[in-house]
Amino acid sequence: MGSTTVRVTVRNARFQQWQSLLTNRNARHRHRQFLVHGVRPISLAAEHGWQFAALLYPGGRRLSRWADDQLSQAGGDLVEMAPELLDELSGREETPELIAVVTMPEDDIEQIRVDGGPVVVFDRPGSPGNLGTLIRSADAFGAGGVVVTGHAADVYDPATVRASTGSIFSMPSVRVDAPTRVAGWLAGLRESGSPVRLIGTDESATVELADADLTGPLVIVVGNETTGMSAAWRDACDEVVRIPIGGAASSLNAAVAGSIVLYQSHLQRRAP
């Protein structure tokens, strides 16, 4: 285990800062840090080279080999914390072995690539759980990245990170203020010769998903859970598709719909 550089046994200013990262979006983005819980998410963050500002572990407890390895390899502060304080940061009855304080990267849409798989744009998602679920599906089905537009759930909300089951650390996920920023990025790609197409999803579309071409450079737009795609996105799309459904359901969950479109694209790309 690496040497301990910090010991926290009371609710001091640093503890209060970490606590604010759980529920306060402004605090997360002001400090450019967020909390990560769980073996798989912490392992994936380390594996993909995310910067750890600190690793918190319970004082007076014997740790597993996994936790010892993470502490020995960490680049940030090692913080021995009173177990009851660590419990407050975990929100669980059982004291976790580790909680990571991870540094938030800059949002840069230019890091998103359309030549390796479809890119997903989630327009104004309201639920961190839905956002994390769609990031997880994007990772599973070979997407090139996820772009979150407008006033939306936070990519770095603990619920988003948890729902992604760590995929947020392997799937480039960036936030942009408005569709116009994405439109400018798409225009640049097309000017450079990319035949990228913009496909929207809407239950009122006339084209069924199975009849759409989802191969090649592609951006898939998934609308807000309640209101769907904005008018700006609908006007920008080259094609809008729908997923036919039956039963008593009036519509699909936005993350589920996006996952189905990603899977259909994955199937088409695998076909000979």
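Parameters at a glance
Residues numbered from 1 in each chain as written. Predicted model: local features only at pLDDT ≥ 70, side-chain atom pairs only at ≥ 80, totals over all residues. Heavy atoms only, no water. Buried < 20%, exposed > 50% of the residue type's maximum accessible area, 1.4 Å probe, protein only. Helix = DSSP H or I, 4+ residues; strand = E, 2+ residues; numbered from the N terminus. Pairing = 2+ DSSP bridges. Phe/Tyr/Trp six-rings, centres within 6.5 Å; stacked < 30°, edge-to-face > 60°. Salt bridge = Lys/Arg side-chain N within 4 Å of Asp/Glu carboxyl O. Domains from an automatic or database assignment. Contact = heavy atoms within 4.5 Å. Buried area = accessible area lost by both parts, 1.4 Å probe.

- Labelled according to an unreviewed UniProt entry, the protein chain appears under the name TrmH family RNA methyltransferase, originating from Allocatelliglobosispora scoriae.

### Here's the deal with the pairing of strand β3 (residues 52–58)
On a regular strand, each side chain points to the face opposite its neighbour's, so the side chains alternate between the two faces of the sheet.
Part 1 of the reasoning: Within β3, seven of the seven residues are buried, leaving the element largely enclosed by the surrounding structure.
Part 2 of the reasoning: Strand direction decides the pairing type here: β3 and strand β5 (residues 99–103), joined by four bridges, are antiparallel. Residue Leu55 lies in a different strand from β5, and its bridge partner there is Ala100.
Part 3 of the reasoning: Strand direction decides the pairing type here: β3 and strand β4 (residues 77–81), joined by five bridges, are parallel.

### Some details on the packing of aromatic side chains
Part 1 of the reasoning: Under the defined criterion, the tally for this structure stands at five aromatic pairs.
Part 2 of the reasoning: A ring pair is formed by Phe34 and Tyr156, whose centres lie 4.7 Å apart and whose planes are at 40°; its orientation type is tilted. You can see Phe34 sitting in strand β2 (residues 33–37) and its partner Tyr156 sitting in the loop between β7 (145–149) and α7 (158–163), a full 122 residues away along the chain.
Part 3 of the reasoning: What makes Tyr156 buried here is its relative accessible area of 2%.
Part 4 of the reasoning: Their ring planes at 15° and their centres at 6.2 Å tell us that Phe34 and Phe169 sit as a pair that is stacked. Note that Phe34 is positioned in strand β2 and Phe169 in the loop between α7 and β8 (173–176), a separation of 135 residues in sequence.
Part 5 of the reasoning: On the basis of relative accessible area, Phe169 is assigned to the buried category, the value being 4%.
Part 6 of the reasoning: An aromatic cluster of at least three residues, connected via ring pairs, comprises Phe34, Trp50, Tyr156 and Phe169.

### With respect to unusual backbone geometry
Part 1 of the reasoning: Although it is not a glycine, Arg124 adopts a positive phi angle of roughly 55°.
Part 2 of the reasoning: Locating Arg124 in the fold gives a position in the loop between β6 (119–123) and α6 (128–140).
Part 3 of the reasoning: Although it is not a glycine, Thr165 sits at a positive phi angle of roughly 50°.

### Structural notes on the pattern of salt bridges
When the charged atoms of two side chains lie near each other, side chains of opposite charge can form a pair.
Part 1 of the reasoning: Within the structure shown, the criterion is met by 14 salt bridges.
Part 2 of the reasoning: With a closest N to O distance of 2.7 Å, Arg113 and Asp115 form a salt bridge.
Part 3 of the reasoning: A relative accessible area of 57% means that Asp115 is categorised as exposed.
Part 4 of the reasoning: In the salt-bridge network here, residues are joined through shared partners; they are Arg28, Asp154 and Asp157.

### Here we look at the domain arrangement of the protein chain
Interface size, as often reported, equals the accessible area lost upon joining of the parts.
Part 1 of the reasoning: Here the protein chain is described as being made up of domain 1 (5–103) and domain 2 (109–270).
Part 2 of the reasoning: The straight-line distance from the C-alpha centre of domain 1 to that of domain 2 is 31 Å.
Part 3 of the reasoning: Facing the 14 residues of domain 1 at the interface are 14 residues of domain 2.
Part 4 of the reasoning: Carbon and sulfur atoms make up 60% of the area that domain 1 and domain 2 hide from each other, which totals about 1300 Å².
Part 5 of the reasoning: It is Arg25, Phe34 and Trp50 that lose the most area in domain 1 upon contact with domain 2, and together they represent 34% of the buried surface on that side.

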